[in-house]
2 protein chains.
Amino acid sequence: LSGQIAVGVDIMGSDTQPEELLAALLPLASRLAPSVSLVAIGRPELATQAIRYVAAPDEIRMDDPPLVAIKRKKHASMLIGLRMLKERRISAFVSAGNTGALVSGAKMVVGTLPSVRRPALIALFPTKKGPLAVIDVGANIEADHKLLVQFAHLGAAYQRARQIVKPTVGLLNIGAEPIKGKTEQRLAYAYLTDHPSPLFTFCGNVEGKSVFDGHVDVLVSDGFTGNVFLKTAEGIGSLLIDQLQAHLPPNTPFATTLEQFTRHLHHSHSPGALLAGLKGLVVKCHGYASPDAFASAVAGAAQMAASGFLETLEKELKHLSRT
Amino acid sequence: LSGQIAVGVDIMGSDTQPEELLAALLPLASRLAPSVSLVAIGRPELATQAIRYVAAPDEIRMDDPPLVAIKRKKHASMLIGLRMLKERRISAFVSAGNTGALVSGAKMVVGTLPSVRRPALIALFPTKKGPLAVIDVGANIEADHKLLVQFAHLGAAYQRARQIVKPTVGLLNIGAEPIKGKTEQRLAYAYLTDHPSPLFTFCGNVEGKSVFDGHVDVLVSDGFTGNVFLKTAEGIGSLLIDQLQAHLPPNTPFATTLEQFTRHLHHSHSPGALLAGLKGLVVKCHGYASPDAFASAVAGAAQMAASGFLETLEKELKHLSRT
């Protein structure tokens, strides 16, 4: 159907029961624009009349070793969804399942854009200024300096696609000086300094304490450290609510602000983290995402698909790699 | 002097002017018990009558390469302080200077306890339950699985010395499953599972989001990730204050709680981070610590020295290594 956008949703393999995730999709489906539809993918017996449904005989679990799983479980919901994306039967795919399997599966089935070696997960964070794009929040648990440099380009293209003309880019590190960090950070620092791009500004190292001041638009990290960064930010939000609640008069403007702030931190990667660098829109949700957060990630993916975000990102990446 | 405790304080090499750090020590010096005194170590021209002072002709700077600096700058305030500690002319030493130089210098000059390969920085964090000891927050930017196992023992000994009889110990990781993380985390997980100690309980992997629930007493990490964890927690505190301030009625019990919470997070490693595993008490302050936070780290070091914390820690470590 021309102009029709379908978003494929893997309801299996997260920490939440598939029934609950499916239930969260139904109100969303009725809220979406007429040109957008959802396709749930999961165990055959969960199929419902209320939403398009593709039955998947198998599923990849959280504790499956990723490479073994994508080789042996060809009929898992995740791989069925990725093939549908590859064949353009859907315009975006959302999963809250095994991250390693999703990254390797997407790379293998959907393929990466030219000049992209490995896809990376980008999540948006609130700061004192605008939203910060953190890349990578968990796709590549290790990253050499070349991969970190690629993340800088990918993150800059992402923020340019979000209308930031010349994004500022920083390296997540444990000190400001160029000699700080591990070999990969030091080499990435030197490379980005020696090879400036006219399309983004490299600002050097950034520490966790100043990230939230908002003076960079893109924060570059290996996926292990980036994931710790993401989850620590969430954990603090939850601690804070706990510590403050006893003293908090309910239903005040302040209580509302605090709640919104915490929800923002907590769902800092809904509407989902984009698995960037692929020839298709793949959005990853936390395995522990609540049904509501999951639905909001699906809505975000639908929005990206409808706005042609992938095409814009692809164009930006071409500009960057030409410089 | 028998029963006398002197704390040596390096006032050079931090991001704050030595004059300001020195000024913050004066009110503290007059507040300490009569048996405790301070010795400031710094540039000759800053010497004052108000406090014992050791003149150091040289200083190690933040951007000095650590190993070169400790080799060439023998008369830097930091190395003078470490030698005074080695010679027992002081009972504890505090510095807010170059972390790499302090770690390598302390290892070389003061020496490590038997069975300790590398010293590690321990910082205390607030949680929903009791204080959490995070090891390592920046002494070893890389750590193989054997070093991570040693951190588990060192962290457990630290919490036992703080009167927690059988501490719970977790590995900072990006998922709960034993296969999560890099090789070093996976191997450390397997080793700690296969070699249980009767003196602490290994609880497996812990994610940043659940750390603050307080179900572990010790969190084990390489120094790079641990440092990012520490500074991210601080950064969020600062963001939060910023976001909430507009809505906050001043001078309410709630405003006070929020401020205390943020200060706690922000100074999460004052009273300083202990450089644990050495034959002497070495306390590290953030390079960006305010004069007040610096003084509070010095007070903490004095308190540890007066309570015989090092001797207790040493005894606990012996118990642990025998198991």
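See above for the structure.
The structure presented is a predicted model; accordingly, all values stated were derived computationally and were not measured.

Conventions we followed
- Residues numbered from 1 in each chain as written.
- Chains lettered and ligands numbered in written order.
- Predicted model: local features only at pLDDT ≥ 70, side-chain atom pairs only at ≥ 80, totals over all residues.
- Heavy atoms only, no water.
- Least-squares fit on C-alpha atoms with pLDDT ≥ 70 in both.
- Contact = heavy atoms within 4.5 Å.
- 1 Å grid on protein atoms, 1.4 Å probe; cavity = no way out; pocket = protein on both sides within 12 Å on 5 of 7 lines; lining within 4 Å.
- Points joined across faces, edges and corners; volume = space filled by probe spheres on them.
- Helix = DSSP H or I, 4+ residues; strand = E, 2+ residues; numbered from the N terminus.
- Nonpolar A, V, L, I, M, F, W, Y, C, P; charged D, E, K, R; others polar.
- Pairing = 2+ DSSP bridges.
- Axes fitted to C-alpha atoms, helices over the stretch in contact; angles between N-to-C directions.

Visitor: With reference to specific residues and values, describe the relation of the copies chain B and chain A.
Guide: Turning chain B through 180° and shifting it by 0.0 Å along the axis lays it on chain A, with an RMSD of 0.0 Å. Both chain copies can therefore be described as sitting about a two-fold axis. Taken as a fraction of all interface residues of chain B, those also at the interface in chain A reach 100%, which identifies the copy contact as same-surface.

Visitor: Give me the lowdown on empty space enclosed by the protein, citing residues and values where you can.
Guide: Residues and elements named next belong to chain A. Applying the stated rule across the entire model yields 1 cavity of 30 Å³ or more. In this structure, the largest cavity occupies an estimated 30 Å³ of space. Where the lining of the largest cavity is concerned, the elements lending two or more residues are strand 10 (273-276) and helix 11 (309-322). With 3 residues, strand 10 is the single largest residue contributor to the lining of the largest cavity. Of the residues that constitute the lining of the largest cavity, the class distribution is 7 nonpolar, 2 polar and no charged.

Visitor: Residue-level account of the sheet that holds strand 10 of chain A, with values.
Guide: Residues and elements named next belong to chain A. One open sheet holds the 11 strands; their spatial order is 3-2-1-4-11-10-5-6-9-7-8, and the pairing between them is mixed. The strands lining the two open edges of the sheet, one partner per strand, are strand 3 (52-55) and strand 8 (201-206). Ignoring strand direction, the axes of neighbouring strands in this sheet form an average angle of 25°. Sheet analysis places strand 7 (residues 168-172) next to strand 8, joined by 4 bridges and oriented parallel. Paired with Thr168 across the two strands is Thr201, which belongs to strand 8. Strands in contact with helix 3 (residues 77-86) are strand 1 (5-10), strand 2 (36-42), strand 3, strand 4 (92-95) and strand 11 (281-284); relative to strand 4, the strand with the most contacts, it is inclined by about 165°.

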